[in-house]
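Here's the letter readout for the chains.
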Amino acid sequence: MIITDKKLIEIYDNWQEKLDADEWYFSNAFESISKDMSSESAFNYIPEIIYMLLDLNEDYLIWETLYFLIDLYRIAETTEIHPILDKNWSVLRDHIQKYEDSYSTPYQELKRFLRIKT
């Protein structure tokens, strides 16, 4: 894992307790990272999320993180596939396929958003 953003890593620490206390925990936590991002900084942050997704092994966390990735693309105002995502696409797909809910919904939305056929 190559994640350098401590704030991102901390989102996943004790996430169940935080979610129990606040049903909007992930939405609020991810927004705290992205709220002041420019389109360029959102695009440049995408590798952090790719590496996190590859490290996660919980369907719910992957689900939430995929939606954050889609949000970053919206902030970036592009459907250009980030080079890190392009390089890791098949590995990411193979990893997410193990998680039925995440693969069937947010992953498919990401593919549609980015116009990826495979």
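Criteria and thresholds
- Residues numbered from 1 in each chain as written.
- Predicted model: local features only at pLDDT ≥ 70, side-chain atom pairs only at ≥ 80, totals over all residues.
- Heavy atoms only, no water.
- Helix = DSSP H or I, 4+ residues; strand = E, 2+ residues; numbered from the N terminus.
- Buried < 20%, exposed > 50% of the residue type's maximum accessible area, 1.4 Å probe, protein only.
- Core = buried A, V, L, I, M, F, W, Y, C linked by side-chain atoms within 4.5 Å.
- Axes fitted to C-alpha atoms, helices over the stretch in contact; angles between N-to-C directions.
- Parallel < 35°, antiparallel > 145°, perpendicular 65-115°, else oblique.
- Left-handed = near helix turned anticlockwise from the far one by under 90°.
- Contact = heavy atoms within 4.5 Å.
- Nonpolar A, V, L, I, M, F, W, Y, C, P; charged D, E, K, R; others polar.
- Salt bridge = Lys/Arg side-chain N within 4 Å of Asp/Glu carboxyl O.
- Phe/Tyr/Trp six-rings, centres within 6.5 Å; stacked < 30°, edge-to-face > 60°.

Draft legend 1. A look at the environment of S27. As for its placement among the helices and strands, S27 is situated in helix 3 (residues 25-34). With a relative accessible area of 39%, S27 lands in the partly exposed category. Considering only alpha carbons, one finds S27 and F68, 41 residues apart in sequence, at a separation of 8.2 Å.

Draft legend 2. Fine view of the nonpolar core. Counting 38 residues, the largest nonpolar core has L8, I11, Y12 and F26 as the members making the most contacts within it. Elements represented by at least two residues in this core include exactly helix 1 (6-11), helix 2 (15-21), helix 3, helix 4 (39-55), helix 5 (59-76), helix 6 (83-96) and helix 8 (106-114). Broken down by element, the residue count for this core peaks at nine residues, all from helix 5.

Draft legend 3. Up close: the packing of helix 4 against helix 6. Interhelical geometry of helix 4 versus helix 6 gives an angle of 20° and a closest axis separation of 10 Å. Our classification of the angle between helix 4 and helix 6 gives roughly parallel. The two elements helix 4 and helix 6 cross, and the hand of that crossing is left-handed. Two secondary-structure elements touch here, helix 4 through F43, P47, I50, Y51, L53 and L54 and helix 6 through P83, I84, L85, N88, V91, L92 and H95. Grouping the constituent residues of the contact of helix 4 with helix 6 by class yields eleven nonpolar, two polar and no charged.

Draft legend 4. Fine view of the packing of helix 5 against helix 8. At a closest axis distance of 9 Å, the pairing of helix 5 and helix 8 adopts a crossing angle of 20°. As far as their axial angle goes, helix 8 and helix 5 are roughly parallel. Once helix 5 is placed against helix 8, the crossing between them reads as left-handed. From helix 5, W63, L66, Y67, L69, I70, Y73 and R74 reach across to helix 8, where they touch P106, Y107, E109, L110, F113 and L114. Of the residues in the contact of helix 5 with helix 8, the class split is eleven nonpolar, no polar and two charged.

Draft legend 5. The arrangement of the pattern of salt bridges in detail. Tallied over the full model, the rule gives three salt bridges. Across the salt bridge formed by K6 and E10, the nearest N and O atoms sit 3.7 Å from each other. Of this pair, K6 and E10 both sit in helix 1, four residues apart, which is roughly one turn of that helix. The class of E10 is partly exposed, set by a relative accessible area of 37%. A salt bridge links R93 to D94; its shortest N-O distance comes to 3.5 Å. On the basis of relative accessible area, D94 is assigned to the partly exposed category, the value being 40%.

Draft legend 6. View of the packing of aromatic side chains. Overall, the coordinates contain 14 aromatic pairs when judged by the stated rule. With 5.0 Å between their ring centres and 20° between their planes, Y103 and Y107 make a pair best called stacked.

This is a description of form; function is not addressed.
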